[in-house]
Amino acid sequence: MAMKYISTRGNAPELTFEDVLLTGLASDGGLYVPKEVPQFTKEEIASWRDLSYAELAHKVIYPFVEGSVDSDSLKKMIDEVYSGFGHKAVAPVQQIDHNEYVLELFHGPTLAFKDFALQMLGRLLDYVLERRHEKVVIMGATSGDTGSAAIEGTKACKNVDIFILHPHGKVSEVQRRQMTTVEGDNIHNIAIEGNFDQAQDMVKASFGDQAFLRGERKLVAVNSINWARIMSQIVYYFYSALNLGAPERPVAYSVPTGNFGDIFAGYMAKKMGLPVEQLIIATNSNDVLHRFMSQNQYEVRPLKHTITPSMDIAVSSNFERLLFDLYDRDGAALADLMAKMNAKEDIVSLDESKLAKARELFDSYAVNEDVTIETMQEVYNETGYLLDPHTAIGVKAARACRRNPRIPMITLGTAHPVKFEEAVQRAGFDMPALPHHLADLMDRDERVSVLPAELDKVQAFIAENTFK
Ligand SMILES: *Cc1c(COP(=O)(O)O)cnc(C)c1O
């Protein structure tokens, strides 16, 4: 049966998977979620124990795309994507203490977990667009990881032109080169003479009014408001849990969190039948979610730039998807709540009963820069294993919030340390070597256009460079 998707604010049309893939925000301002969550029995999950990552991915993803992508085509995409990863297990589990693990999600082409979803997104887009005889433009702003993963994921797409904005001079050299050295006429890097927020604002404004695009083109979002990203991330929760004894044995996760996309995938895995006992929201000093979960006070504060840039957010968009469930999927009630939360004037609190429901599964913890560095040092001293700073935040939160030491605690290893030179050096370590496929990264030619932080100039550049 074809899966249908509904908006969290209850006032937008129901869509199929392929329309959701191409849509971004719902017309009522909400986010799309599956109308019914696929459920698997314990027996069914147990029968998947011996499957490879790719085989398991097909089981988990297919119910979400049914009706839009046929089973064989999905299998082909999955095989292609995950055979390109730099580790045979795709998402291997590394033990760092008794009953404590890191799930290594950095073996994809750009060395961060975002490859799991954006590699799939590129294939799915091309498949759907080919059939519809349509072409689209991807526009996104990045402070690092999303941009390179999106470019790698869509570089081979015939029907996609991609424009990624980054703040000029404000991303690390490895991260910049991972974007600017990718070859392809459909890839356009724009360095904005401004900061990330200005780049992000220009992307938002462009989605709001797309008249600047040529022909019948539409913009497609590659940030985690796109459901296809969340869906692809559910798989590694199943994979790691099965490897550690689920479904007979429960598991717990600690997730370095920014926009709440990755951890929402863990929440989905639980709803689908995986015995997830605890999910820890690990944040850096941009701790809006930790303050909310621990004090029931939602208050947006100005963005702080940290040594964990991929978690630097003022507002976590995907949190709305969880709130939707906490409000028993009442779109009208959620629309009211979101209006209050987005007004940013007052501190917003929920009904204690709603928060209590969330706290049955979720804990939260915030980690500052000094403690991040100390945790990198601590784990290295205990095991000889070098964590990236985002993962270190996850490990710290796991150790602080763990409820039951008998349940395996798995921290999501969201990136490879080689991407975050500043943190590695501050912790006093030598930089690890770049993996083989990136060994010549520093010698490759770069392609990038530097533009002022002016919306009309950026839009004119995009219009001019689309599908030549
Ligand atoms: C994107 C990212 C995160 C945050 O993930 P969300 O889905 O936005 O919560 C954490 N760590 C790294 C390395 C990332 O790239």
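Keep in mind that this is a model prediction, so the values were computed, not measured.

Colleague: Pulling in residues and values, what's your account of the overall build of the chain?
Modeller: Looking only at helices and strands, one finds 18 helices and 14 strands in the chain. On the principal axes, the C-alpha backbone points of the chain span a range of 60 × 50 × 50 Å. Pairs at least 24 residues apart make up 76% of the contacts formed inside the chain by residues separated by at least 6 positions. Surface accessibility of the chain: about 18,500 Å² in total, with carbon and sulfur atoms responsible for 46%. The positive charge centre, built from 48 side chains, and the negative charge centre, built from 65, are 2 Å apart in the chain.

Colleague: Mind laying out the sheet that holds strand S2 (residues 15–16), listing which residues take part and the relevant values?
Modeller: With respect to topology, three strands assemble into an open sheet ordered S2-S1-S3, the strand pairing being antiparallel. The sheet terminates laterally at S2 and strand S3 (32–34), the two strands that pair on one side only. Sheet topology places strand S1 (residues 4–7) next to S3; three bridges connect them, and they run antiparallel. Its bridge partner lying in S3, tyrosine 5 is registered against proline 34.

Colleague: Could you give an account of the UniProt feature "domain: Tryptophan synthase beta chain-like PALP" (unreviewed entry) in the chain, with specific residues and numbers?
Modeller: If you check UniProt for "domain: Tryptophan synthase beta chain-like PALP" (unreviewed entry), the listed places come out as residues 100–332 in our numbering. The distance from the first to the last C-alpha atom of residues 100–332 is 42 Å, and the span holds 41% helix and 18% strand.

Colleague: Describe the sheet that holds strand S10 (residues 251–256), and please don't skip the residues or the numbers.
Modeller: The strands making up a sheet associate through backbone hydrogen bonding, with each pair oriented either parallel or antiparallel. Overall, mixed pairing links the six strands, which are arranged S4-S5-S13-S10-S11-S12 in an open sheet. On the outer flanks of this sheet lie strand S4 (93–97) and strand S12 (362–366), each paired with one strand and no other. When strand polarity is set aside, the average angle formed by the axes of neighbouring strands in this sheet is 25°. As paired strands, S10 and strand S13 (residues 409–413) are joined by three bridges and run parallel to one another. Of the residues in S13, the one forming a bridge with alanine 252 is methionine 409. Packing against the sheet, helix H10 (residues 261–271) makes contact with S10, strand S11 (276–283), S12 and S13, and its axis sits at approximately 170° to S11.

The rules we used
Residues numbered from 1 in each chain as written. Predicted model: local features only at pLDDT ≥ 70, side-chain atom pairs only at ≥ 80, totals over all residues. Heavy atoms only, no water. Helix = DSSP H or I, 4+ residues; strand = E, 2+ residues; numbered from the N terminus. Contact = heavy atoms within 4.5 Å. Areas by Shrake-Rupley, 256 points an atom, 1.4 Å probe, with all protein chains shown as cover. Lys, Arg positive; Asp, Glu negative; His and termini not counted. Charge placed at Lys NZ, Arg CZ, Asp CG, Glu CD. Pairing = 2+ DSSP bridges. UniProt positions renumbered as here; feature names shortened; annotations may be inferred. Axes fitted to C-alpha atoms, helices over the stretch in contact; angles between N-to-C directions.

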